[in-house]
Amino acid sequence: MKYPEFVLRETMEGRLTKSQAMRLLAYARTPGAGLASPHPLLQQNTSDLAGLRFTTRLTGDEPFLTDHVVGGRKMLPGVVALEMAMAAVTHGGDPDGKGKRPAGLRDVAWLRPVVADGDTTLHVELAARDDGDVDFDIVANATSGEHAAHVQGRVRHRHDAAGEAPPALDLERLLVACERTLDADACYAAFAAAGIDYGPSHRGLQEVHVGADADGRPFALARIALREDDAGGGYALHPGMMDSALQAAIALLENDVAESLGDAPARQPMIPFALDGLDVFHPTPTAGWAYLRPSAQDNRVHTLDVDLCDESGRLCVRFDGLASRAYGREAVATDVVAPLPAPFEDATANEDHGELRERTVAYLKDVLSRTLRLPPARIDARAPLEHYGIDSILA
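Keep in mind that what you see is a predicted model, and the values were worked out from it rather than measured. (Residues numbered from 1 in each chain as written. Predicted model: local features only at pLDDT ≥ 70, side-chain atom pairs only at ≥ 80, totals over all residues. Heavy atoms only, no water.)

(A) Spatial organisation of the overall build of the protein. A tally of regular secondary structure across the protein gives ten helices and 16 strands. Relative to its full complement of 395 residues, the protein shows a buried share of 48%. In the protein, of all internal contacts separated by at least 6 residues, the share reaching a separation of at least 24 is 65%. Accessible surface, the protein as shown: approximately 19000 Å² in total, 51% of it carbon and sulfur. (Helix = DSSP H or I, 4+ residues; strand = E, 2+ residues; numbered from the N terminus. Buried < 20%, exposed > 50% of the residue type's maximum accessible area, 1.4 Å probe, protein only. Contact = heavy atoms within 4.5 Å. Areas by Shrake-Rupley, 256 points an atom, 1.4 Å probe, with all protein chains shown as cover.)

Written out as structure tokens, the structure is:
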């Protein structure tokens, strides 16, 4: 039986969706499919009948690892996962990678950090949704041979708001509203004291201005530029530029700018764990500005909205609701055991066991969903809690 006939049979018998079949057939028609590297972060197409998948082996010598050391360990920057997912959908929908690049991402959850001191194999797994979006999972090979989930979310092919491009940032107006400037070297010294060591390709901060808007809400405006040797590399969302933009958040963690945060987070490494949305209007520039402002905050979690623009103020990338937490078991203890709702207290011995189980599962999925900011539909009640990073995020 020829491969196309096999795919057709699997589709007719319901083991493949039409979308999966079309993409597998497209790869079958592509010379060298599964062998060539379509993107710096997608070394090999390893799709099979279970679905679309790209595989990458990290050696630990990649600049985004050697220049991003957290607590003495080489840690994959959270922004790298965003580029991996976007690129995977670009090449998954078009084997030549010449199709329209997705517009952004939604509901991203970093379940556990990817520590890659040595050889580490990552897989980007894709699944088409009925609404046209694509769910993605980034998983790593564990020592036990099983796959451990690290990042989940969905990729969007279109922006939520159709129409004209967003207006450019008025950089001059924002600079006038700034009250002081933080020295970039001082920022990186503070990062080092907190346990984060950035190398050259991730030291894009040039200066960080701090101010307040008309309503008294603090914001940071950072000038960012990469060295010529570190720019490019085939990325649409360059790891060094994206990460440097988020580093400016250090200005919003200082006591005199955001007193309600307390001083604990500033003394501990902060890593992302959830993102409501990412909109990509243009590839990241090699030099530009990052505009950061709090969208919500408390003593354990701080959430930011971040605009990354070029030197003229043209908006390139927008983060909505980027939430970070302190990295370290003692620093991230979070109370996820909320009081049970009233219906459970009224349960009687005669209540049907199956119904009670369903209600319990629904309640626990809701708790996990709110804690990880992950849609309930993405949570498998049969999976162990470790699958969702409870051991590394919630302690």
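(B) Quick peek at helix H6 (residues 184-194). Ala184, Cys187, Tyr188, Phe191 and Ala194 are the residues of H6 that are buried. Looking down the long axis of H6, one finds its buried residues gathered within 115 degrees of arc, a one-sided arrangement. Exposed side chains of H6 directed beyond 90 degrees from the buried face belong to Asp185 and Ala193. Turning to H6, the residues buried within the fold contact strand S9 (178-183), strand S10 (196-198), strand S11 (205-212) and helix H7 (239-247). The opening residue of H6 is Asp183, an N-cap whose side-chain oxygen sits 3.0 Å from the backbone nitrogen of Asp185. Within two residues after H6, Gly195 carries a phi angle of roughly 100 degrees, on the positive side. (Arc of directions from axis to C-beta. Polar contact = N/O pair within 3.5 Å; in protein donor to acceptor, adjacent residues only side chain to side chain.)

(C) The arrangement of the pattern of salt bridges in detail. Scanning all chains against the criterion turns up 15 salt bridges. Residues Arg217 and Asp215 are paired through a salt bridge, measuring 3.2 Å at the closest nitrogen-oxygen approach. Grouping residues by exposure puts Arg217 and Asp215 together as exposed. A salt bridge links Asp310 to Arg314; the nearest nitrogen and oxygen atoms lie 3.2 Å apart. Here the salt bridges do not stand alone but share partners, grouping Asp107, Asp133, Arg154 and Arg156 into one network. (Salt bridge = Lys/Arg side-chain N within 4 Å of Asp/Glu carboxyl O.)

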